[in-house]
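# Topology and contacts: notes
As a plain string of letters, each chain reads:
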Amino acid sequence: MEPIKRDLYLGRLIDRRENGLIKVITGIRRCGKSYLLFNLYYNWLIDSGIPAERIIRIPLDDDDFSELRESKNLSAYIKERLSDDGMWYLFLDEVQLCPGFEGVLNGLNRRENLDIYVTGSNSKFLSSDILTEFRGRGDEVRVYPLSFSEYMSAYQGDRYEAWRDYSTYGGLPRILSMQKPELKSQYLQNLCHELYFKDIEDRNNLKGDQVMETLVKILASSIGSLTNPSKLANTFMSHGISATDKTISSYIGYLIDAFFINRAERFDIKGKKYIASPFKYYFTDIGLRNAQLNFRQQEATHIMENVIYNELLVRGFNVDVGVVPISEEGTRKQLEVDFVCNLASKRYYIQSAYSLPDQEKLMQEQRSLEYTGDFFKKIIITGDNASTHYSDDGILIMNLFDFLLNQNSLDT
């Protein structure tokens, strides 16, 4: 297998080098945080002329470092290796295994010649918790499973074969080393039950019940659909399971905290305000979503929409679901824009359309875009194998591969 390129995240670490903050690398477990830090970034520093002995690497999940899971030992170990001359770099992996690490790192961060980077698992290492503990000294770098372009960088085959596998088994890096479908599906299902859900249960002191598994299956079967805890509670009842709105809301929060799912809020484009409920939920990795349904519910339209949403997050956009109120023949209606994407001063309106077989479908997809009332760029991403072009109405019609394989595609 070819080495996986994660240049986007490598660049984000490079940009934060020696900025005086503790770099906190977060993301769903098994997405490649440790590989990014201990391999890719380490090698970049070495190639940049940093001597290896000035990079202190401590993988706390390694039994050889078990004594350092006690905060006093960890502090002493690091300080023994530091000197006042020149810059030093500290890499700490699975830092949550050392109770009290926050105080150790806050103290060490006062040294002007020490650059600190940490990763940790999500069960006891939520970015919100850790950044609070670092008292304004933390700088988060969120890592996602492989994007399609990263996946292609190590995939042996053409992009059509890659899309077939990626849209089925997702982008967790280890998937690329597995050849047989049954091994991939078993790996994903085991991760869900033995790692992700167990993490959530341990962190939130949950007793074994049907709520978590049922909730994930319901969300998996309705990605891209508007819903809220009240609607979900009714669906639970149809499954013969009693769960209150409050319970469901809490469980959704646990899944978001563990980076397992993401929530897209609705934004009134003309009114320039957020709408409280309902929301849309997307899975951080499409393979984990498919595993919840035993790979039986493979709707290409919804899968493509989820992948586009994830790609936008990877690129750093804040992504909402757009709502455009209109009035026709005295009746008020709401049209939907799949994604409203904001990054600094940039904004894009994006529709996901698996296919545009005729002019009627094109008109249907671009209708909401025409009512936004502003001049931000409007884009329809389609799975059709056609070249990227502008419609007669000035809307960019972009091929899915053109979008996914070019990080700057939205500026076409």
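Please refer to the structure placed before this passage.
Residues numbered from 1 in each chain as written. Predicted model: local features only at pLDDT ≥ 70, side-chain atom pairs only at ≥ 80, totals over all residues. Heavy atoms only, no water.

### Quick look at the overall build of the protein chain
Within the protein chain one finds 15 helices and 13 strands. On C-alpha atoms alone, the protein chain measures out to a radius of gyration of 23 Å, which is about the 22 Å that the 2.2 N^0.38 rule sets for 412 residues. With respect to the principal axes defined by its C-alpha atoms, the protein chain has extents near 75 × 50 × 45 Å. Classification of the 412 residues of the protein chain by burial places 54% in the buried group. Nonlocal contacts in the protein chain, meaning residues at least 24 apart in sequence, comprise 67% of its contacts between residues at least 6 apart. Counting every atom, the protein chain has about 18900 Å² of accessible surface; 45% of that belongs to carbon and sulfur. Between the mean site of the 49 positive side-chain charges and the mean site of the 58 negative ones, the protein chain shows a separation of 3 Å. (Helix = DSSP H or I, 4+ residues; strand = E, 2+ residues; numbered from the N terminus. Rg over C-alpha atoms; globule rule 2.2 N^0.38 Å. Buried < 20%, exposed > 50% of the residue type's maximum accessible area, 1.4 Å probe, protein only. Contact = heavy atoms within 4.5 Å. Areas by Shrake-Rupley, 256 points an atom, 1.4 Å probe, with all protein chains shown as cover. Lys, Arg positive; Asp, Glu negative; His and termini not counted. Charge placed at Lys NZ, Arg CZ, Asp CG, Glu CD.)

### Some points on the environment of Ile-58
Structurally, the position occupied by Ile-58 is in strand 2 (residues 55–59). In this structure, the C-alpha to C-alpha distance between Ile-58 and Gln-407, residues 349 residues apart in sequence, is 33 Å. Residue contacts for Ile-58: discarding those within four places in its chain leaves Phe-38, Phe-65, Leu-68, Leu-74, Tyr-77, Ile-78, Leu-90, Phe-91, Leu-92 and Asp-93.

### Here's the deal with the nonpolar core
Ranked by internal contacts, the top residues of the largest apolar core, which has 100 residues, are Phe-91, Leu-255, Phe-260 and Leu-312. With residues near it in sequence (within four places) discarded, Phe-91 still touches Leu-37, Phe-38, Tyr-41, Tyr-42, Leu-45, Ile-55, Ile-56, Arg-57, Ile-58 and Tyr-117. Listed in part, the 23 residues of the second largest apolar core include Phe-65, Leu-68, Trp-88 and Val-95. (Core = buried A, V, L, I, M, F, W, Y, C linked by side-chain atoms within 4.5 Å.)

### Some words on unusual backbone geometry
Following Ser-277, the chain continues into Pro-278 via a peptide bond in cis, with omega recorded as 0 degrees. Locating Pro-278 in the fold gives a position in strand 7 (residues 273–283). Within the chain, Phe-295 stands out as a residue other than glycine whose phi angle is a positive 60 degrees. As for its placement among the helices and strands, Phe-295 is situated in the loop between helix 12 (286–292) and helix 13 (300–314). You can call Phe-295 buried: its relative accessible area is 17%. At Ala-344, a residue that is not glycine, the phi angle is positive and equals roughly 55 degrees. Within the secondary structure, Ala-344 sits in the loop between strand 9 (331–343) and strand 10 (346–353).

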